[in-house]
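Residue strings, one per chain:
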Amino acid sequence: MHPFTLERPRDLPAALAFGAQAGRNDAPAEYIAGGTDMVQLLQEYVRRPDRLISLAGLLDNRVEIGPQGLRLGAAATMADVAAHPRIIEQFPVISEALLNSASPQVRNQATMGGNLLQRTRCPYFRDVGYAACNKRAPGSGCAAVGGENRWHAVLGTSEHCIAANPSDLAVALVALGASVEVRRAGGDRTVPLAEFHRLPGDAPHLETVLEPGEVITAITVPASPMARRSHYLKVRDRASFEFAVVSAAVALDMDGGTIRQARVALGGVGTKPWRVPRVEAALAGGGLDPAALRRAAALAADGAQGRGHNDFKIELMQRAIVRAVEIAGARA
Amino acid sequence: MTTAFIGQPVSRVDGRQKVTGAARYAAEFDLPRQAHGAIVRSTVANGRIASIDSAAAERGPGVVAVLTHRNAPRLPYSPHKGAVDPQVGERLHVLQDDRVSHQGQPIALVIADTVEQARHAAALVRVTYTPESWTTDITRVAPVQPTQQKTDQGEVRPPATRRGDPEGALASAEVKVEQTYIHPRENHNPIEMHATIAAWDGDRLTLWDKTQWVHNTAEEIAAVFGIPAQNVRVISPFVGGAFGSSLRTWPHVTLAALGARAAGRPVKVMLSRREMYYGVGYRPHTVQQVALGASRDGRLAAIMHDGYQETSTYEEFSEALLNASRFLYSCPNVDTRHRLARMNVHTPTYMRAPGEASGVFALESAMDELAVALNMDPVELRLLNEPERDEFKKLPFSSRSTRACYRAAAERFGWSRRSAQPRSMRDGRLLIGWGMATATYPMNFAPASAMARLLPDGTAEVTSAASDMGPGTWTSMTQVAAEALGLPIERVKFVLGDTRLPNAPVHGGSLTMASVGSAVQAACRKAREDALARGGANDLLEAVRRIGQPVEASVDTNPGDESQRFSMHAFGAVFVEVAVDPDLGETRVRSMVGAYGAGRIVNPKLTRSQCIGGMIGGIGMALMEHAVLDARNGRVPNANLAEYPVPVHADTPPVMEAIFVEEHDLHVNPLGVKGVGEIAMVGVAPAITNAIFHATGKRIRELPATPDKLL
Amino acid sequence: MSSDEITRREVLVLTAATGGLLAGGQLMWGPVSPAAAQDAASTPTPLEVMLRINGKEHRLTLDPRTTLLDAVREHLHLTGSKKGCGLGQCGACTVLMDGKRVKSCLSLAALMEGREITTIEGLAQGEVLHPLQAAFIERDAFQCGYCTSGQIMAGVACINEGHAGSPEEIREWMSGNLCRCGAYDHIVAAIQDAAAAPSATQGG
Ligand SMILES: Cc1cc2nc3c(=O)[nH]c(=O)nc-3n(C[C@H](O)[C@H](O)[C@H](O)COP(=O)(O)OP(=O)(O)OC[C@H]3O[C@@H](n4cnc5c(N)ncnc54)[C@H](O)[C@@H]3O)c2cc1C
Ligand code: SF4
Ligand code: FES
Ligand code: FES
């Protein structure tokens with residue numbers, strides 16, 4: 001690890017004063033929460049901040065559910081959120097996305113805030129033996145385009161970066177229309193999760209809209225009856241403890257056998273958590289018959305671009321949507 | 001009091017140490033004043049180091065020394081080839097010149113007070129290269145004929161063999177299968193990462209090292225440094241898995257010793273997981289063409305098996321890829337041809353069931369394709385082509401229990417309920433498939449020595465410089481010793497893993513039990529007889545008490561001519577059930593039954609562990625493992641344990657069975673044992689892909705069978 | 001591909017990727033910028049850290065970069081916790097933190113003050129093994145033993161959490177602990193045995 005000064009501030013204002021910046025690779029100061037992604041990046045020299053500011057004990061870790069919806073404190077752990085009985089009951093897609101993430105140990109350590117800000121698993125990003133990675137070293141090129149890219153995104157890519165966002169949680173949350181509460185020294189703001197992550201464009205090293213010094217304090221999810229009938233489906237090479245090859249989060253509002261409204265988002269395929277409104281619209285008003293689902297799911301491929309090894313994801317993600325809708329639709 | 005321990009399910013004698021964390025592995029023998037070494041590795045596939053600037057690293061806090069090719073001492077690198085080293089070519093020399101032949105080659109060593117300081121200073125070494133043209137795309141290399149083909153058991157084979165008229169027989173065969181099978185590069189990935197602690201005392205060197213062969217490590221390092229082998233002591237009581245990765249003495253061991261010399265204090269080097277993909281070998285990528293010709297009634301008329309594998313530019317590593325095709329089935333016309341693709345990579349090495357694991361994948365896939373073409377049950381096809389003797393070596397088998405294995409495994413599995421038609425078995429949405437394959441692995445017997453020491457208090461210490469990377473050498477040798485001595489197991493202490501102990505052969509190729517076990521048995525018998533004779537008593541305890549001082553017996557055992565008289569192999573059969581999600585392409589193994597003819601089973605508890613472990617390894621090979629070699633530059637982007645998936649708990653089939661058919665082999669070695677460590681991995685991958693075909697109608701000819709291949 | 005077969009675009013990327021004649025091709029651990037090189041000499045301020053491990057307090061002076069795993073292994077010589085990756089990917093380093101299982105390689109030691117850490121060395125009560133330790137021996141739930149400490153610590157937590165109800169459940173909840181020797185089947189059996197033993201939820 002690059003040498004850093006470890007700050008253990010007493011309260012949040014003291015932490016904010018350091019002006020640390022999450023989610024970009026050239027920041028001289030960064031926060032550390034559960035550390036489960038940060039320590040990997042430090043160990044492999046992907047991140048080399050001079051200052052590391054610990055958020056331990058500074059942020060809310062409560063889970064609250066009220067008539068307005070759900071509020072997850074940024075410091076709540078993946079394990080606690082996944083196991084919360086009312087989340088299991090009212091927001092199964094969130095619990096399922098978390099239980100299908102990482103391992104029990106990591107879930108005990110990792111926080112909500114950190115989860116949304118974990119960096120891509122693009123293996124070129126994580127191997128500094130590759131000089132070319134625009135996300136890690138702006139302007140250096142992209143080793144994945146024209147390289148081994150089975151791991152990479154097919155949606156929202158640019159010629160400068162095709163890295164997939166790795167978070168399962170974020171896929172579930174973006175489907176449910178979640179928002180991120182952000183605090184900086186000057187005050188608070190709320191950003192819809194759909195607008196929180198940036199597309200890579202020509203600046204893939206900027207991953208979110210966070211400004212220097214801002215922290216995530218909470219995630220809110222609006223109340224919705226749809227969330228009860230929701231499901232997270234994850235496809236992977238081995239049976240557990242692996243990032244998604246492809247995943248789908250689905251929430252349905254059903255009227256008998258008819259879908260009144262649907263929410264659909266995809267993981268493993270997008271450069272950010274990828275909601276597919278056109279699929280949602282096509283599902284609305286239809287039933288659960290396979291042909292109709294298939295037709296609606298096909299709209300997810302809009303604008304998708306494979307790079308060779310990851311071409312199969314374009315087909316697989318449609319099938320994942322179909323299956324996830326079927327499972328959610330079959331829920332009471 | 002019973003002292004019949006061979007065949008008993010004795011619990012591991014080192015179990016308590018392992019479950020309490022007391023067992024110490026190579027990196028855990030910290031010495032006073034020990035410093036830490038971190039290796040800087042190349043990022044070009046071929047070329048020369050143009051400049052190397054270590055000034056910033058040298059200024060780093062805690063840094064003791066930075067060694068590069070410019071300041072490192074020239075080492076003699078005297079000729080030395082252990083049985084585990086490729087016989088053709090020359091091992092990689094470290095820090096001796098500016099040449100770089102592959103990615104990840106060690107080019108500098110930083111020594112510092114703490115591991116954090118060493119790692120960071122290594123990151124500060126600045127290197128520029130003059131790249132030269134490189135070859136890192138196996139699909140564009142013209143494979144060449146190797147000088148020889150060698151099995152991991154040291155047996156030398158011609159790279160090409162031929163009997164009968166294979167082309168003619170194939171051309172006129174009524175039914176044919178001709179296909180190409182690809183097996184990607186795989187890494188051993190033992191959970192313990194390789195580590196060495198080196199400490200000099202004058203011109204004597206002690207190494208605490210992760211090794212499957214302490215004596216060979218001592219000899220190799222002695223040759224590298226030009227010192228007598230007796231001056232090098234290697235200690236390695238526990239090995240945290242290896243599967244072949246610790247057979248050779250890799251460059252980091254030399255670097256630890258070099259660093260300790262330069263620093264004038266003990267140095268510990270532990271590789272990172274990423275480094276494990278660049279410095280301790282791997283199972284090579286192989287491309288195999290198999291052509292089978294048969295008569296309508298299923299008799300094999302021709303087998304042609306042509307395979308090539310990657311190797312480095314500086315050594316010819318060739319594995320026994322084609323071994324099984326030469327004798328597994330009866331066939332008058334056989335042609336095998338082995339070639340090497342020389343690339344700018346580091347030298348591959350033996351990995352669990354080397355050669356057989358990949359070669360049998362191709363052969364047994366092709367046999368399944370033939371069964372489909374013949375519309376014949378795959379077990380039936382194999383039974384029809386069962387040979388009477390080894391038709392390649394023209395020798396009888398010392399024992400061969402294939403028929404019993406097919407029968408036992410098929411029965412336990414319920415094979416007779418299989419419906420032959422692909423896609424004919426379902427469980428809800430899932431397609432169910434049943435598949436099988438044959439397994440085989442050669443058995444050898446190498447010279448070994450052991451010493452038994454009976455003490456007046458009626459206890460015994462038995463020693464041999466063997467290794468235990470997991471199969472349970474500590475325990476099984478204690479059993480053999482206790483039985484031969486006629487003492488209760490608690491009174492016998494077996495010690496291994498130190499060059500001060502009597503010579504043992506390499507711990508690999510499933511030959512430890514046979515070789516070391518036979519030596520241990522002989523030494524213990526001799527000690528017992530000596531004690532009884534000298535003590536003049538019929539009771540051993542009485543005899544040693546009377547003698548009043550230790551009674552020692554050392555024995556060297558040597559293989560006889562059995563390998564000239566017999567073809568010696570373990571055989572087995574694996575049956576699996578898979579469930580494939582036809583929409584999402586995910587395959588999960590639901591049940592796996594293996595039956596093995598493995599001679600005498602010294603400890604059924606440990607042997608079962610080894611077998612199910614090999615089967616799990618086979619699941620990894622079949623469904624997920626693939627070290628991706630970036631064809632553009634020879635790096636391995638997924639060099640970790642997240643993007644290189646290995647099986648986890650959830651991949652374990654709910655049903656796992658290992659059956660040991662009764663087998664008495666009077667020839668293979670004095671104990672009548674055959675190892676199972678390797679054979680348990682053989683045949684698993686083809687059984688799984690054959691089951692996938694049965695489930696889906698899709699033939700997977702390129703491993704691993706990931707979802708993308710099954711959409 | 002061999003180097004002469006690549007397109008111009010790839011040449012650009014590759015030259016950068018492989019260092020070429022450019023400076024700064026340092027490697028496995030990162031092209032370090034000149035700025036970073038300059039402050040190389042700056043020692044990170046060592047921190048006084050009080051760690052509570054297996055019921056005992058240890059006052060250590062640590063580099064802020066030291067992980068909890070390296071602190072116990074390299075500084076306290078408690079080598080029962082194993083390092084199989086240092087990246088959270090294998091589980092060999094599993095310890096209990098305030099009774100919950102965590103991967104100690106992913107925690108900075110200096111952030112563990114005030115936490116109660118239990119390692120494999122703290123599991124047995126003197127000479128009496130924890131039921132899961134005993135079950136591991138009985139079931140032969142290991143081979144090389146290197147993943148074993150982590151499996152046992154994770155297994156103890158798995159039982160305490162109530163996730164040891166069935167083999168399927170255990171398999172899913174133990175999947176963060178790799179065993180390359182493939183002892184999974186026996187580990188699950190050992191956890192089932194221990195979960196059924198009366199005192200299994202004590203210890204740890
Ligand atoms: C082996 C392994 C497997 C995994 N598998 C999966 C998986 O399958 N699916 C999945 O979704 N995830 C997976 N993960 C990733 C895991 O979910 C994340 O590492 C974790 O959620 C990060 O949370 P943390 O609290 O540990 O964040 P940290 O590692 O502490 O921080 C991550 C980033 O977030 C920033 N940050 C943290 N909190 C805040 C805050 N409140 N405000 C502003 N910035 C903040 C940090 O500066 C840093 O940039 C896996 C991780 C590991 C180690
Ligand atoms: S895909 Fe993005 S993260 Fe990966 S190498 Fe290209 S620029 Fe870097
Ligand atoms: S060493 Fe911590 S998970 Fe591998
Ligand atoms: S026992 Fe060897 S890795 Fe699990």
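As the structure is a computational prediction, the values presented were derived from the model and not from experiment.

## Observations concerning the interface of chain B and chain A
- With 37 residues of chain B in contact, the opposing surface of chain A contributes 37 residues.
- The junction of chain B with chain A conceals about 3,000 Å² of combined surface from both sides, 53% of it contributed by carbon and sulfur atoms.
- Of the charged contacts, one joins Arg323 of chain A and Asp581 of chain B as a salt bridge, the two residues approaching to 2.7 Å between their closest N and O atoms.
- For the side of chain B that touches chain A, the element with the highest residue contribution is helix α3 (residues 115–124) of chain B, accounting for three residues.
- When grouped by side-chain class, the residues that make up the side of chain B that touches chain A number 18 nonpolar, six polar and 13 charged.

## A few points about the packing of helix α4 (residues 131–139) of chain C against helix α7 (residues 184–196) of chain C
Residues and elements named next belong to chain C.
- Packing of α4 against α7 leaves a shortest axis separation of 8 Å and a crossing angle of 135°. One way to sum up the angle between α4 and α7 is to call them oblique. Crossing angle aside, the handedness with which α4 passes α7 is right-handed. Contacts between α4 and α7 involve Pro131, Leu132, Ala135, Phe136 and Arg139 from the first element and His186, Ile187, Ala189, Ala190, Ile191, Asp193 and Ala194 from the second.
- A breakdown of the residues in the contact of α4 with α7 according to their chemical character gives nine nonpolar, one polar and two charged.

## Overview of the sheet that holds strand β4 (residues 63–66) of chain A
Residue and element names in this part refer to chain A.
- The five strands are arranged β4-β5-β8-β6-β7 in an open sheet whose pairing can be described as antiparallel. For this open sheet the edge positions go to β4 and β7 (187–192), each flanked by a neighbour on one side alone. The mean inter-strand angle of the sheet, taken between neighbouring strand axes irrespective of direction, is 20°.

## Some words on the packing of aromatic side chains
Residue and element names in this part refer to chain B.
- Scanning all chains against the criterion turns up 16 aromatic pairs over all chains.
- Between Tyr25 and Phe238, the aromatic rings sit 5.7 Å apart at their centres with planes inclined by 45°, giving tilted as the arrangement. Highlighted residues: Tyr25 in the loop between α1 (15–20) and β1 (35–41) and Phe238 in the loop between β14 (232–235) and α6 (251–263), separated in sequence by 213 residues.
- Classification of Tyr25 by relative accessible area gives buried; the value is 1%.

## Structural notes on the site of ligand 2
- Inspection of the region around ligand 2 gives 14 residues, with Cys122, Cys133, Cys142, Cys161 and Ile162 of chain A positioned closest.
- A class-by-class count of the residues in the shell around ligand 2 yields ten nonpolar, three polar and one charged.

## Some thoughts on the interface of chain B and chain C
- Each partner contributes to the interface: chain B provides 93 residues, whereas chain C provides 75 residues.
- Across the chain B/chain C interface, buried area totals approximately 7,100 Å², and carbon plus sulfur atoms make up 59% of it.
- For the chain B face of the interface with chain C, the top three residues by lost area are Val19, Ile191 and His649 of chain B, together amounting to 12%.
- On the surface where chain B and chain C come into contact, there are eight salt bridges.
- There are 28 residue pairs in polar contact (both at pLDDT 80 or more) connecting chain B and chain C.
- Looking at the side of chain B that touches chain C, the elements that each hand over two or more residues are α1, β1, α2 (55–59), α3, β7 (126–131), β15 (267–270) and α16 (604–623) of chain B.
- Of the residues that constitute the side of chain B that touches chain C, the class distribution is 41 nonpolar, 29 polar and 23 charged.

## What to know about the site of ligand 1
- Taken together, 36 residues surround ligand 1, and among them Tyr31, Ala33, Gly35, Thr36 and Thr111 of chain A come closest.
- Looking at the residues close to ligand 1, they fall on chains A and C.
- Ala33 of chain A places a main-chain nitrogen or oxygen 2.7 Å from an oxygen atom of ligand 1.
- In the complex, the protein chains occlude 99% of the 970 Å² of accessible area that ligand 1 would expose alone.
- The set of elements that each furnish at least two residues to the shell around ligand 1 consists of β2 (29–32), α2 (38–43), α7 (112–117) and β8 (215–222) of chain A.
- In terms of residue count, α7 of chain A provides more of the shell around ligand 1 than any other element does, four residues in total.
- Grouping the constituent residues of the shell around ligand 1 by class yields 18 nonpolar, 13 polar and five charged.

## As for the nonpolar core
- Of all hydrophobic cores here, the largest spans 241 residues; its most connected members are Leu454, Val520 and Ile688 of chain B.
- Per-element tally for this core: the top contributor is helix α9 (residues 356–374) of chain B, with ten residues.
- The contact partners of Ile688 of chain B, leaving out residues within four places of it in the chain, are Val576, Val578, Val589, Met592, Gly618, Ile619, Ala622 and Leu623 of chain B.
- In this structure, Leu58, Met78, Val174 and Met226 of chain A belong to the second largest nonpolar core, which totals 87 residues.

## Things to note about the domain arrangement of chain A
- Each domain of chain A was delimited in the assignment, giving domain 1 (5–57) and domain 2 (226–329).
- The straight-line distance from the C-alpha centre of domain 1 of chain A to that of domain 2 of chain A is 35 Å.

## Things to note about helix α5 (residues 148–161) of chain C
Residue and element names in this part refer to chain C.
- Taking 1.5 Å of rise per residue, 14 residues should cover 20 Å, and α5 covers 19 Å from first to last C-alpha, within 8% of that figure.
- With twelve of 14 residues buried, α5 lies mostly within the body of the structure.
- Restricting attention to buried positions, one finds in α5 the residues Thr148, Ser149, Gly150, Gln151, Ile152, Met153, Ala154, Gly155, Val156, Ala157, Cys158 and Ile159.
- Taken from the residues just after α5, Gly162 is the one with a positive phi, measuring 85°.

## Observations regarding the packing of helix α5 (residues 214–225) of chain B against α6 of chain B
Residues and elements named next belong to chain B.
- At a minimum axis separation of 11 Å, α5 and α6 run at an interaxial angle of 60°. Here α5 is positioned oblique relative to α6, judged by the angle of their axes. Between α5 and α6 lies a crossing of right-handed hand. Taken together, the residues of α6 that come into contact with α5 (itself represented by Thr217, Ile221, Val224 and Phe225) are Val253, Thr254, Ala257 and Leu258.
- The class makeup of the residues in the contact of α5 with α6 is six nonpolar, two polar and no charged.

## Section: the sheet that holds strand β2 (residues 56–62) of chain C
Residue and element names in this part refer to chain C.
- On the basis of which strands lie adjacent, the open sheet formed by five strands has the order β2-β1-β5-β3-β4 and mixed pairing. Of all the strands in the sheet, the pair left with one neighbour each is β2 and β4 (100–103). In this sheet, adjacent strand axes meet at a mean angle of 40° when their direction is disregarded.
- The pairing of strand β3 (residues 94–97) with strand β5 (residues 116–118) spans two bridges and is antiparallel. Directly across from Met97, in β5, lies its bridge partner Ile117.
- Contacts from helix α3 (residues 68–75) reach β1 (47–53), β2, β3 and β5, with the element oriented near 85° to β1.

## With respect to the domain arrangement of chain B
Residues and elements named next belong to chain B.
- When the domains of chain B are assigned, the result is domain 1 (34–133 + 191–241 + 246–279), domain 2 (149–186 + 282–443 + 565–709) and domain 3 (446–558).
- Placing the centre of domain 1 and that of domain 2 at their C-alpha centroids yields a distance of 36 Å.
- Listed by partner, the interface residues are 26 residues for domain 1 and 23 residues for domain 2.
- Here domain 1 and domain 2 share an interface that buries about 2,200 Å² over both sides, 54% of which is from carbon and sulfur atoms.
- In this assembly, domain 1 and domain 2 are joined by one salt bridge.
- Residue Arg248 is joined to Glu315 by a salt bridge in which the shortest nitrogen-to-oxygen separation is 2.7 Å.
- Linking domain 1 to domain 2 there are eleven residue pairs in polar contact (both at pLDDT 80 or more).
- Considering every element that reaches the side of domain 1 that touches domain 2, the biggest residue donor is helix α7 (residues 276–279), with three residues.
- Split into classes, the residues belonging to the side of domain 1 that touches domain 2 amount to ten nonpolar, ten polar and six charged.

## Some thoughts on α3 of chain C
Residues and elements named next belong to chain C.
- Burial of α3 is extensive: seven of the eight residues sit out of reach of the surface.
- Among all positions in α3, only Leu68, Leu69, Asp70, Ala71, Val72, Arg73 and Glu74 are buried.
- Of the residues one or two after α3, His77 is the one with positive phi, at around 55°.

Conventions adopted
Chains are numbered independently. Their residues run from 1 in the order of the written sequence. Written order determines the labels here, with chains lettered from A and ligands numbered from 1. Reporting in this predicted model follows two pLDDT cut-offs: at least 70 for local features of residues, and 80 or more for side-chain atom pairs to be given and counted; totals over whole chains, interfaces and linings ignore these cut-offs and use all residues. Think of the side-chain values as coming from all heavy atoms in the structure, minus any hydrogens and water. Contacts between residues were defined by any pair of non-hydrogen atoms, one from each residue, lying within 4.5 Å. Buried area, as used here, totals the accessible surface that two parts lose on assembly, with accessibility defined by a 1.4 Å probe and the loss added over both. Any carboxyl oxygen of Asp or Glu within 4 Å of a side-chain nitrogen of Lys or Arg constitutes a salt bridge here. Going along the chain from the N terminus, every DSSP run of H or I of four or more residues is numbered as a helix, and every run of E of two or more is numbered as a strand. Basically, the charged four are Asp, Glu, Lys and Arg, the nonpolar ten are Ala, Val, Leu, Ile, Met, Phe, Trp, Tyr, Cys and Pro, and anything else, Gly included, counts as polar. Between N-to-C directions, angles span 0 to 180 degrees; the directions come from axes that are lines fitted to C-alpha atoms, helices contributing only their stretch in contact. An angle counts as roughly parallel when it lies under 35 degrees, as roughly antiparallel when it exceeds 145, as roughly perpendicular when it falls between 65 and 115, and as oblique in every other case. Helix crossings get a hand from a simple test, with the near helix turned counterclockwise from the far one by less than a right angle marking a left-handed crossing and a clockwise turn marking a right-handed one. Here a strand pair is declared whenever DSSP counts at least two bridges between the two strands. To pair, rings of Phe, Tyr and Trp, with the six-membered ring standing in for Trp, must have centres within 6.5 Å; the planes then decide the type, stacked if under 30 degrees apart, edge-to-face if over 60, and tilted in the middle. When a residue's accessible area, from a 1.4 Å probe over protein chains only, is under 20% of the maximum for its type it is buried; when over 50% it is exposed; and in between it is partly exposed. We call a residue near a given molecule or strand whenever any one of its heavy atoms falls within 4 Å of it. Pairs of N or O atoms are called polar contacts if they sit within 3.5 Å, as long as, within protein, a hydrogen donor faces a hydrogen acceptor (for residues adjacent in sequence, only side-chain-to-side-chain pairs). Reported accessibility uses the Shrake-Rupley method at a 1.4 Å probe radius. Residues are deemed covered only where the shown protein chains occlude them. Among the buried residues, those of types Ala, Val, Leu, Ile, Met, Phe, Trp, Tyr and Cys that are joined through side-chain atoms within 4.5 Å form a nonpolar core. What counts as a domain boundary in this text is fixed by an automatic or database domain assignment. Take the residue count of a helix, subtract one, and multiply by 1.5 Å to get its expected span.

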